[in-house]
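# Topology and contacts: notes
Listed here are the chains, written in short residue letters.
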Amino acid sequence: MIVKHKNEIPNKMENQTKKTSRFVSFLWVILAYVVGIYVFSQVVDYFFMKGTDTIWSIFWADIACTIVIFAFSYFFKNTSFYDPYWSIIPIVIVLLLAVRGFTEGLYDETRNLVIVILVSLWGLRLTWNWIRGWEGLHHIDWRYVMYEKPMGKWFWLFSFGGLQLLPTILVFLGLLPLFGAMTNAENDWNWLDIVATGIGIMAILMEFFADNQLRKFRKTNTEKGKSLATGLWKYSRHPNYFGEISFWWALYLFGLAANPDSWWTIIGALAMTALFHFVSIPMIEKRHLERREGYSEVIKKVPRWFPWFPKKS
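What counts and what doesn't
- Residues numbered from 1 in each chain as written.
- Predicted model: local features only at pLDDT ≥ 70, side-chain atom pairs only at ≥ 80, totals over all residues.
- Heavy atoms only, no water.
- Helix = DSSP H or I, 4+ residues; strand = E, 2+ residues; numbered from the N terminus.
- Expected span 1.5 Å × (residues − 1).
- Polar contact = N/O pair within 3.5 Å; in protein donor to acceptor, adjacent residues only side chain to side chain.
- Phe/Tyr/Trp six-rings, centres within 6.5 Å; stacked < 30°, edge-to-face > 60°.
- Buried < 20%, exposed > 50% of the residue type's maximum accessible area, 1.4 Å probe, protein only.
- Core = buried A, V, L, I, M, F, W, Y, C linked by side-chain atoms within 4.5 Å.
- Contact = heavy atoms within 4.5 Å.
- Salt bridge = Lys/Arg side-chain N within 4 Å of Asp/Glu carboxyl O.

For helix α2 (residues 54–76), with 23 residues, the first-to-last C-alpha span of 33 Å sits near the 33 Å given by 1.5 Å per residue. The N-terminus of α2 is capped by D53, whose side-chain oxygen sits 3.1 Å from the backbone nitrogen of I55. Count one or two residues on from α2 and you reach K77, which has phi positive near 55°.

What follows is the structure, given as structure tokens:
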């Protein structure tokens, strides 16, 4: 691999080739999601025509869409095709629920509008954050590379089941409170909706500032192995994950505000919390400990993901 120094001027043709390659890569991703969402819509229509319950209709459409994205992932040998799914499909589902509630259900206009706005802002921001970090078809998330090497030929079975289908199910569980809240609401807009809105806005802003602070740090930091310890990262080792977890709890509160008997949909928020606390964070912290000198001290001083004042030395 050839490493260019910052003061070198890249060859224009080489630079253009890289831009074109990235552009074409995104065209393939866009095609994958256009096809996937089209299949999603067809499956939903099929089950709606059969009179299937809204939850199951959208669930099977969600699975079908995941299979389409996996097909593109397998063809291009890049599981990162699935990465935007986490933030794109919830917008599709919420918009569908809003239409379903308006045409055939019981809903509160203010609640449904706020939910659509919050989920759209959350999803678009998260998708943009992925777009500006993904370099193209040659770029595969380090987590997938970590799994692929030891698994060999079995990796793609794991990729479908563990890296794509399982997250799809987890996101679906996280959205469960909105099915009742947006299509079969018992209560009008109330104080719990206001709390949910406040938490949702806070969560989106927390992720926005945390991701931007981290991006700026990576661009400007010249000290190898140094950890970000300013801004939000001074009070949490993973403030972006705190924002993400908080957002799913906000969705649960919207469901509870609309239907108190929907308390059981807490399984979605709990599943999301468990995913980040027991899987995502341990994985990335193991990597940090291997690559960042002094990260063990950061672990001792800075709270894991829930923001709090750091411990003094």
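So, on to the packing of aromatic side chains. Per the stated rule, a full pass over the model turns up 35 aromatic pairs. Arranged with centres 5.0 Å apart and planes meeting at 70°, the rings of F59 and W60 form a pair that is edge-to-face. For F59, a relative accessible area of 15% corresponds to the buried category. With a relative accessible area of 41%, W60 lands in the partly exposed category.

With that settled, the discussion passes to the nonpolar core. By size, the foremost hydrophobic cluster in this structure holds 69 residues, and its most contacted members are W86, V119 and L178. Examining the composition of this core, we find that 10 residues originate from one element, helix α8 (residues 239–258), more than from any other. The contact partners of V119, leaving out residues within four places of it in the chain, are P90, I91, V94, L178, F247 and L251.

By the definition in use, this model includes 7 salt bridges. A salt bridge links D211 to R125; the nearest nitrogen and oxygen atoms lie 3.0 Å apart. Taken together, the residues span a long stretch of sequence, with D211 in helix α7 (residues 191–220) and R125 in helix α4 (residues 109–131) at a distance of 86 residues. D211 gets classed as buried once you look at its relative accessible area, which sits at 10%. Under the relative-accessibility criterion, R125 is labelled buried at 12%. Put simply, K300 and E297 hold a salt bridge, and the shortest N to O gap is 3.4 Å.

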